[in-house]
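A structural walkthrough
Read off the chains here:
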Amino acid sequence: MLILECPYCGVTADETELAAGGEAHLKRFGPGSSDEEFEGYLFHRQNPKGVHFERWRHANGCGKWFHAARCTASLEVFATYTAQIAEPPAEVIAAIRAKRPDWSPE
Amino acid sequence: MRRYSAFAIAREAARYHQGWERAWAAPEPKKHYDVIIVGAGGHGLATAFYLGKNFGITNVAVIEKGWLGGGNTGRNTTIIRSNYLQDPSAAIYEKARSLYETMSQDLNYNVMFSPRGVIMLAQTHHEVRGYQRTAHANALQGVKTEFISPQRVKELVPIIHLDGPRFPVLGGLWQDRGGTARHDAVAWGYARACSDMGMDILQKTEVTGVTSEGGKVTGVETTRGFIGCTKLGMVVAGHCGVLAEKAGFRLPVESVALQALVSEPIKPCMDVVVMANTVHGYMSQSDKGEMVIGGGTDAYNNYTQRGSFHHIEETVRALIETFPMISRLKMLRQWGGIVDVTGDRSPILSKTPIEGIFVNCGWGTGGFKAIPGSGWGFAELVAKGQSPLTDAFGLNRFREGRFIDESVAAGVAH
Ligand SMILES: Cc1cc2nc3c(=O)[nH]c(=O)nc-3n(C[C@H](O)[C@H](O)[C@H](O)COP(=O)(O)OP(=O)(O)OC[C@H]3O[C@@H](n4cnc5c(N)ncnc54)[C@H](O)[C@@H]3O)c2cc1C
Ligand SMILES: [Zn+2]
């Protein structure tokens, strides 16, 4: 059972209370972009075996979207953080680096 | 290869079973192969088999990081059917189903194909309309299916409860030549036939890198050193994104856990396969008597081959309404596999941005049934650069918006 802490209401919720929203920090490509960029934005996913940044919603709780940094190979949760941000904050990167010294953000 | 037969059993019985030869060899890797297939699951092995059988290409290695058939091929609930909605799906799944009919003879290996019939229950009005539509589509595609009444469902499945309060049975989509097969045997049978053709199956060998020069593949780095190749087929299911990353491109695929469970063995009580897609549950009885039960996928990316308990609970809770007698059954085992899911719930059999690299993935929750058809088509794609069975399943369909949408009916696609 996956357990995440909602950064808004502070509730420690198990996954039945949450809705998974897929890969986080996708850069949106809209009108004027190339076909490749638009295809990448819509469909291509990193799908890594290891550190993954995700969107989650506290669906059966406060209802808010937030971000999580998780390891897909061990199910370890590194951090959860605000949705109002376009890339993982420095302290989240540091928390991951502390546990995965070999990992580096792209 | 010494053929298996009733005579062989008698011969070996007479000499205390000392004379059975190994089913496949354990060779050292060569320096170079015409074709390397990564992944010795059903799809990889079937591809190698048809490369040899249909195209005479036998300088082939199948590279497997674990043991052959140890991925999803050895973890699935073995439902075989071809009652899909879209024409390209019907073509490849029905090709596969028809090849299953003669697979034991073709491979001289008993894969225990059991065309006992598959019912997909319609438990909402939406599903009734959906499955009637599928039955009409199947009629046009030449796939034999039929929409049947609740009474007919009850005749076929005496243990079913038709008037459940939450999930009444309103009818069903029936495919009488669908069924099950022994999953390991499919992998083992192909492996034995490939080895017999002189192909190398390299187990416990992980591909750790893909090398290319000037946009063209040259070989793979492995835990047993570099191995060169002219063409490369990536057939690694849940790990396709990891391997594609090593080759330098991305795929429209996400890897998630799908679980199954089996009960203690009981006397024969159900001789067809029943799928209840509204509640994400399906069930069949194995030859040993166990009830084999599968459910839905977890919603988040996962490579651990473990799923969440609440999914099992949901599946079983819903199935108990439709099959009250299973409420007292003890469950023996539960496990998970990492399935490779695409947006339109259809597979990818395609060229890639790198010349000589081909990818066969995205079978997600429902690729066991497709193994022979996929191998047939993908071998043709690898050998000739094009195949009528795989044309529609190219990577370019995402960019061009030509989805093969099979995600109807809740997206459970076994
Ligand atoms: C619980 C469950 C139930 C299912 N039920 C059904 C069903 O009822 N009917 C149905 O049709 N389908 C079902 N499926 C889906 C089906 O199992 C798969 O679609 C199918 O088996 C995929 O076969 P494959 O050969 O592509 O992959 P796999 O059998 O997973 O083989 C891929 C192989 O690649 C190897 N590999 C990965 N990375 C590397 C590397 N870097 N180097 C070397 N080797 C590597 C893996 O070890 C693995 O053996 C189910 C799946 C699960 C998990
Ligand atoms: Zn909250």
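Residues numbered from 1 in each chain as written. Chains lettered and ligands numbered in written order. Predicted model: local features only at pLDDT ≥ 70, side-chain atom pairs only at ≥ 80, totals over all residues. Heavy atoms only, no water.

1. Regarding the coordination of the zinc ion (ligand 2)
Residues and elements named next belong to chain A.
- All of the protein donors around the zinc ion (ligand 2) are Cys6 (SG), Cys9 (SG), His58 (ND1) and Cys62 (SG); their distances to the metal are 2.0 to 2.3 Å.
- Angles of 101 to 117° at the metal separate the 4 donor atoms of the zinc ion (ligand 2), which places the site in the tetrahedral class.
- Read in sequence order, the donor residues for the zinc ion (ligand 2) give the motif C-x2-C-x48-H-x3-C. Taken together, the residues Cys9 in the loop between strand E1 (3-5) and strand E2 (12-14) and Cys62 in the loop between strand E4 (51-57) and strand E5 (65-71) connect sequence positions 53 residues apart.
- The exposure class assigned to Cys62 is partly exposed, which follows from its relative accessible area of 33%. (Donors = N, O, S within 2.8 Å, 3.2 Å for Na, K, Ca; no water. Tetrahedral: all angles 85-135°; square planar, octahedral: opposite > 155°, others 65-115°. Helix = DSSP H or I, 4+ residues; strand = E, 2+ residues; numbered from the N terminus. Buried < 20%, exposed > 50% of the residue type's maximum accessible area, 1.4 Å probe, protein only.)

2. A look at helix H10 (residues 371-384) of chain B
- A rise of 1.5 Å per residue sets the reference length of H10(B), with its 14 residues, at 20 Å; its end C-alpha atoms lie 20 Å apart and thus fit the reference within 8%.
- Remark: B:Gly385 follows H10(B) within two positions and exhibits a positive phi of approximately 85°. (Expected span 1.5 Å × (residues − 1).)

3. Considerations on the side chain of B:Thr77
All names here are of chain B.
- Position of Thr77 among the secondary structure elements: in the loop between strand E2 (60-63) and strand E3 (79-80).
- For Thr77, a relative accessible area of 9% translates into the label buried.
- Looking at Thr77, its side chain comes within polar contact range of the side chain of Tyr282, at 3.2 Å. (Polar contact = N/O pair within 3.5 Å; in protein donor to acceptor, adjacent residues only side chain to side chain.)

4. As for the sheet that holds strand E12 (residues 253-265) of chain B
Residues and elements named next belong to chain B.
- An order of E5-E6-E4-E13-E14-E15-E12-E16 is seen for the 8 strands of this open sheet, with the pairing classed as mixed. Here the strands that pair on one side only, and so sit at the sheet edges, are strand E5 (146-148) and strand E16 (331-342). Across the sheet, the axes of successive neighbouring strands diverge by a mean angle of 25°, strand direction being ignored.
- In this structure, E5 lies alongside strand E6 (residues 171-175), joined through 3 bridges in antiparallel fashion. (Pairing = 2+ DSSP bridges. Axes fitted to C-alpha atoms, helices over the stretch in contact; angles between N-to-C directions.)

5. Some thoughts on the site of ligand 1
All names here are of chain B.
- Ligand 1 sits among 37 residues. The nearest are Glu64, Asn72, Thr73, Thr77 and Lys369.
- Contact distances for ligand 1 include 2.8 Å between an oxygen atom and a backbone N or O atom of Asn72.
- Protein contacts shield 96% of the accessible area of ligand 1, which totals 1000 Å² for the unbound molecule.
- At the level of elements, helix H2 (42-55), E12 and E16 are the ones that each hand at least two residues to the shell around ligand 1.
- A total of 3 residues in the shell around ligand 1 trace back to one element, the largest contributor, which is E12.
- The residue makeup of the shell around ligand 1, split by class, is 13 nonpolar, 19 polar and 5 charged. (Near = heavy atom within 4 Å. Areas by Shrake-Rupley, 256 points an atom, 1.4 Å probe, with all protein chains shown as cover. Nonpolar A, V, L, I, M, F, W, Y, C, P; charged D, E, K, R; others polar.)

6. Quick word on the interface of chain B and chain A
- Taken together, the contact pairs 24 residues of chain B with 24 residues of chain A.
- Interface area, chain B with chain A, both sides summed: about 2100 Å², of which 53% is carbon and sulfur.
- It is B:Arg250, B:Tyr300 and B:Arg399 in chain B that bury the most area against chain A; as a group they hold 32% of the surface buried on that side.
- Summed over the shared surface of chain B and chain A, the number is 3 salt bridges.
- Salt-bridge contacts for A:Arg45 lead to B:Glu254; the nearest nitrogen and oxygen are separated by 4.0 Å.
- Counting the contacts that link chain B with chain A gives 13 residue pairs in polar contact (both at pLDDT 80 or more).
- At the level of secondary structure, the elements contributing two or more residues to the side of chain B that touches chain A comprise helix H8 (240-247), E12, strand E15 (290-301) and helix H11 (396-400) of chain B.
- Taken together, the residues that form the side of chain B that touches chain A break down as 10 nonpolar, 8 polar and 6 charged. (Contact = heavy atoms within 4.5 Å. Buried area = accessible area lost by both parts, 1.4 Å probe. Salt bridge = Lys/Arg side-chain N within 4 Å of Asp/Glu carboxyl O.)

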